[in-house]
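Fold and contact review
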Amino acid sequence: MPVKGVSHITSKEAKDKKVQFVDVRTQGEYRSNHRKPFRNIPLHTLKNRLGELQKDKEVVVICQSGVRSMKAAKILKKHGFKHITNVKGGMSSWV
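If you're wondering where the values come from, they're calculated on a predicted model, not measured in any experiment.

1. Some details on the sheet that holds strand β1 (residues 6-9)
Here we have five strands laid out as an open sheet, ordered β1-β5-β4-β2-β3, and parallel in their pairing. The open sheet terminates on both sides in strands that have one partner only, identified here as β1 and β3 (39-40). Examined bridge by bridge, strand β2 (residues 20-23) and β3 share two bridges and lie parallel to one another. Within β3, the position partnered with Asp23 by the bridge is Asn40.

Encoded structure:
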């Protein structure tokens, strides 16, 4: 379900960005398949780790398919982040 104020990009478009990249999958999923420059902040820990991110800088979120990253986008939006982008299709669409 769309979240107001959250934009969407393809995995190809994400590769060209110079922003904060957050992978909200579990640590095991991240270890088995991840891409630079994404850093792993699992969805269930995101609320407690918001201080690790800069609110004034764009955040690009990814998960496996796009569902958890949209949940992460809602959390970020609720906590005052203004520039949030979700990768459509998640890691499943990464080329």
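2. Quick word on the packing of aromatic side chains
For the coordinates displayed, the defined rule picks out one aromatic pair. Ring geometry for Phe21 and Phe38: centres 4.8 Å apart, planes at 65°, overall edge-to-face. Of this pair, Phe21 sits in strand β2 while Phe38 is found in the loop between α2 (27-32) and β3, placing the two residues 17 residues apart along the sequence.

3. With respect to the nonpolar core
By size, the foremost hydrophobic cluster in this structure holds 18 residues, and its most contacted members are Val22, Leu46, Leu53, Leu76 and Phe81. When residues of this core are traced back to their parent elements, those giving at least two are β4 (59-62) and α3 (67-78). Apart from the residues lying within four places of it in its own chain, the contact partners of Phe81 are Leu50, Leu53, Gln54, Lys55, Val59 and Leu76. Listed in part, the 10 residues of the second largest apolar core include Ala14, Phe21, Ile62 and Val87.

4. Remarks on the confidence of the model for the chain
The predicted coordinates ought not to be read in detail in places where the model reports low pLDDT. For the chain, the average pLDDT comes to 90, and 96% of its residues sit at 70 or higher. Here helix α1 (residues 11-14) is the element of the chain with the lowest mean pLDDT, 80, and β3 is the one with the highest, 96.

5. Re the environment of His83
Among the secondary structure elements, His83 is positioned in the loop between α3 and β5 (84-87). With a relative accessible area of 47%, His83 lands in the partly exposed category. Each C-alpha atom, one on His83 and one on Val19, is 9.9 Å from the other, the two residues being 64 residues apart in sequence. Apart from residues no more than four positions distant in its own chain, His83 is found in contact with Asp56, Lys57, Glu58 and Val59.

Definitions and limits used
- For every chain, the first residue of its written sequence is number 1, and the numbers climb from 1 along that sequence.
- In keeping with the predicted nature of the model, local features appear solely for residues at pLDDT of at least 70, side-chain atom pairs appear and are counted solely at 80 or more, and the whole-chain, interface and lining totals rest on all residues.
- The side-chain quantities take in all heavy atoms of the structure and omit both hydrogens and water.
- The criterion for strand pairing is that DSSP finds at least two bridges linking the strands in question.
- The numbering of helices and of strands both runs from the N terminus, where a helix is a DSSP run of H or I of at least 4 residues and a strand a run of E of at least 2.
- Note on ring pairs: Phe, Tyr and Trp rings are taken, using the six-membered ring of Trp, and paired if centres are within 6.5 Å. Classes follow the plane angle, with under 30 degrees stacked, over 60 edge-to-face and the rest tilted.
- By nonpolar core is meant a set of buried Ala, Val, Leu, Ile, Met, Phe, Trp, Tyr and Cys residues that side-chain atoms within 4.5 Å join together.
- When a residue's accessible area, from a 1.4 Å probe over protein chains only, is under 20% of the maximum for its type it is buried; when over 50% it is exposed; and in between it is partly exposed.
- Pairs of residues are marked as contacts when any of their non-hydrogen atoms sit within 4.5 Å.
- The quantity called pLDDT is the predictor's confidence in a given residue, expressed from 0 to 100.

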